[in-house]
Amino acid sequence: MHRATVSKHLTRNNVVRRQYGLTIDEAAEAVKLHGGGISMRAIARTLGVNRKHVRTSLVAAGAI
C-alpha cells in the first residue's frame, strides 16, 4: 500500500500523528543528554525518534 494512501486513511479517521522532528522540549532534552555523554543513537531510542532528527536538533542548538 502506498504511503499516500495510508496517510489519507489516517487523516480520514482523525488519527493523531507525530510531528516531524523533535519538539522544543525534546530538543532541549537531547542537548542535555548529549552534554552528559549519551550517544545520539541512545538519545534517539530514548525519545522514540530517528537518529537523524536528534543530530539535526543538536546541530541547530550548536551542541555539535
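Everything below is about the structure shown above.
Worth saying up front: this structure is predicted, and the values here are computed from it rather than measured.

Q: Before we move on, can you summarise helix H4 (residues 51–61) with the specific residues and values?
A: Count 3.6 residues to each turn of an α-helix, and residues three or four apart come out pointing the same way. Along H4, the positions that sit buried rather than exposed are His 53, Val 54, Ser 57 and Leu 58. In an axial view of H4, the angular spread of the buried residues amounts to 135 degrees, which keeps them on one side of the axis. Looking at H4, the residues exposed on the side facing more than 90 degrees away from the buried face are Lys 52, Thr 56 and Ala 60. The N-terminus of H4 is capped by Asn 50, whose side-chain oxygen sits 2.8 Å from the backbone nitrogen of Lys 52. Downstream of H4 by one or two residues, Gly 62 has phi in the positive range, about 80 degrees.

Q: Residue-level account of the side chain of His 53, with values.
A: Tracing the chain through its elements places His 53 in helix H4. A relative accessible area of 19% places His 53 in the buried class. With sequence-adjacent residues up to four places away left out, His 53 is seen in contact with Tyr 20, Gly 21 and Leu 22.

Q: How would you summarise the nonpolar core if you had to cite specific residues and measurements?
A: Note on soluble globular proteins: their nonpolar side chains tend to be buried together. Residues Leu 22, Ala 30, Ile 43, Ala 44, Leu 47, Val 49, Val 54 and Leu 58 constitute the largest nonpolar core, which totals 8 residues. The dominant element in this core, judged by the number of residues it contributes, is helix H3 (residues 40–47), at 3 residues. Excluding residues that lie within four positions of it along the chain, Ile 43 makes contacts with Ala 30, Leu 33, His 34, Ile 38 and Val 54.

Q: Residue-level account of a positive patch on the surface, with values.
A: On the surface, a cluster of positive charge is made up of Arg 41, Arg 45, Arg 51, Lys 52 and Arg 55. Mapped onto the positive patch, the elements with two or more residues apiece are H3 and H4. No other element matches H4, which puts 3 residues into the positive patch. You can call Arg 41 exposed: its relative accessible area is 55%.

Q: How would you explain unusual backbone geometry if you had to name every residue and give the values?
A: For Asn 14, which is not a glycine, the phi torsion comes out positive at approximately 55 degrees. The residue Asn 14 is located in the loop between helix H1 (3–12) and helix H2 (24–35) in this model. By relative accessible area, Asn 14 is classed as exposed at 66%.

Calculation criteria
Residues numbered from 1 in each chain as written. Predicted model: local features only at pLDDT ≥ 70, side-chain atom pairs only at ≥ 80, totals over all residues. Heavy atoms only, no water. Buried < 20%, exposed > 50% of the residue type's maximum accessible area, 1.4 Å probe, protein only. Helix = DSSP H or I, 4+ residues; strand = E, 2+ residues; numbered from the N terminus. Arc of directions from axis to C-beta. Polar contact = N/O pair within 3.5 Å; in protein donor to acceptor, adjacent residues only side chain to side chain. Contact = heavy atoms within 4.5 Å. Core = buried A, V, L, I, M, F, W, Y, C linked by side-chain atoms within 4.5 Å. Patch = residues over 30% accessible without salt bridge, like charges linked within 9 Å, V, L, I, M, F, W, Y side chains within 5 Å. Areas by Shrake-Rupley, 256 points an atom, 1.4 Å probe, with all protein chains shown as cover. Salt bridge = Lys/Arg side-chain N within 4 Å of Asp/Glu carboxyl O. Lys, Arg positive; Asp, Glu negative; His and termini not counted. Charge placed at Lys NZ, Arg CZ, Asp CG, Glu CD.

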